[in-house]
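If you want the building blocks of each chain, they are given just below.
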Amino acid sequence: MGGLLTVSDAAGRLSVSVRQVQHLVARGELRKIARGLVDETSVDRYMAVRSGAHTRAWSSGTAWAAVSLLSGRGSGWIGASQRSRLRQQLRRNSPEVLVVRTRDRAAVTRYRAHPSVARHLSDAVVHHQEAEQRLGLTASTALDGYVAEADLGGLVSQYGLDRDDDGDVVLRATTMDLGVVRELAEGDVVLAALDLAESLDVRERRAGQQALGRALERFRG
């Protein structure tokens, strides 16, 4: 139980205890596919989000407030003192740290689905394909979008989605009001940039990090 494991990928190396691995599996951040065996892709994604850092994530509300502030919008769901501290932190953060800090804005799960299902499911999620194109990326056939946490189970059942860490359907379940999420997805590129910065695709990750760097510079004035 107390042994130390080291996981590695192109993003770096991270040492974790067996107990921590069990905790991450329970949280859904790593996926166990057999006794003592964790899915390699889930490890790669875990490493990509953290970039080898041990930085603590903000709460969901704070993470969404950060996205909103960087997008030039309000954040009425947090208090004035909390907003002031958040502004100070944003002025100090790098794109890599921002990705780690905001990771709890949604619980990300990947699925495999028939192409026709993905087309219908697109109407039930909030996505930001137009923002991705504004960042210079071509339109993708994969579906990546936000859904209300309370609706996730029903969507998975309704559309017969199968959990697959290499699947081309990505659902980001959040407790934030989807109206707010839609405004942020359609109004600026910051939310799209955060999602892209977590990608295993080098070109997507670079585009996301560069866009976040520009947003942070603009925020600092």
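See the structure above.
> Could you give an account of the packing of aromatic side chains, with specific residues and numbers?
The description of an aromatic ring pair rests on the distance of the ring centres and on the angle between the ring planes. This model, assessed by the stated rule, comprises one aromatic pair. Ring geometry for Trp64 versus Tyr146: centroids 5.5 Å apart, planes at 65 degrees, classification edge-to-face. Residue Trp64 is found in helix 3 (residues 60-70), and its partner Tyr146 is found in strand 6 (residues 143-148); the two are separated by 82 residues along the sequence. Given a relative accessible area of 1%, Tyr146 falls into the buried group.

> Give a description of the side chain of Arg105 that names residues and reports values.
Positionally, Arg105 belongs in the loop between helix 5 (95-101) and strand 5 (107-112). There is a polar contact of 3.1 Å between the side chain of Arg105 and the side chain of Glu198. For Arg105, the contacting residues outside a window of four places in its chain are Ser60, Ala63, Trp64, Tyr146, Arg172, Thr174, Leu191, Leu194, Asp195 and Glu198.

> How would you explain the environment of Ser122 if you had to name every residue and give the values?
Looking at the element boundaries, Ser122 is found in the loop between helix 6 (115-121) and helix 7 (129-134). A residue is classified by how much of its surface remains accessible, and Ser122, at 22% relative accessible area, is partly exposed. Each C-alpha atom, one on Ser122 and one on Leu143, is 6.8 Å from the other, the two residues being 21 residues apart in sequence. Setting aside its immediate chain neighbours within four residues, Ser122 contacts His127 and Leu143.

> Tell me about a negative patch on the surface, and please be specific about residues and values.
On the surface, a cluster of negative charge is contributed by Glu130, Asp177, Glu183 and Glu186. Tracing the backbone shows Glu186 in helix 9 (residues 178-187).

> Please set out the sheet that holds strand 7 (residues 162-163) residue by residue, giving values where relevant.
Strands sit in the order 6-8-5-7 across an open sheet of four strands; the sheet is mixed. Of all the strands in the sheet, just strand 6 and strand 7 have a single pairing partner and so form its edges. By the bridge criterion, five bridges tie strand 5 to strand 8 (residues 169-174) in an arrangement that is antiparallel. Bridge pairing links Val108 to Arg172 in strand 8.

> Explain the pattern of salt bridges to me, and be specific about the residues and the numbers.
The full count for this structure, using the stated rule, is nine salt bridges. Two residues, Arg163 and Asp165, come together in a salt bridge whose shortest N-O distance is 3.4 Å. With a relative accessible area of 35%, Arg163 lands in the partly exposed category. With a relative accessible area of 5%, Asp165 lands in the buried category. Between Arg172 and Glu198 there is a salt bridge, with its nearest N and O atoms 3.4 Å apart. Of this pair, Arg172 sits in strand 8 while Glu198 sits in the loop between helix 10 (190-197) and helix 11 (202-220), and the two are 26 residues apart along the sequence. An identical accessibility class is assigned to Arg172 and Glu198; each is buried. In the salt-bridge network here, residues are joined through shared partners; they are Arg105, Asp144, Arg172, Asp195 and Glu198.

Definitions and cut-offs
Residues numbered from 1 in each chain as written. Predicted model: local features only at pLDDT ≥ 70, side-chain atom pairs only at ≥ 80, totals over all residues. Heavy atoms only, no water. Phe/Tyr/Trp six-rings, centres within 6.5 Å; stacked < 30°, edge-to-face > 60°. Helix = DSSP H or I, 4+ residues; strand = E, 2+ residues; numbered from the N terminus. Buried < 20%, exposed > 50% of the residue type's maximum accessible area, 1.4 Å probe, protein only. Polar contact = N/O pair within 3.5 Å; in protein donor to acceptor, adjacent residues only side chain to side chain. Contact = heavy atoms within 4.5 Å. Patch = residues over 30% accessible without salt bridge, like charges linked within 9 Å, V, L, I, M, F, W, Y side chains within 5 Å. Areas by Shrake-Rupley, 256 points an atom, 1.4 Å probe, with all protein chains shown as cover. Salt bridge = Lys/Arg side-chain N within 4 Å of Asp/Glu carboxyl O. Lys, Arg positive; Asp, Glu negative; His and termini not counted. Charge placed at Lys NZ, Arg CZ, Asp CG, Glu CD. Pairing = 2+ DSSP bridges.

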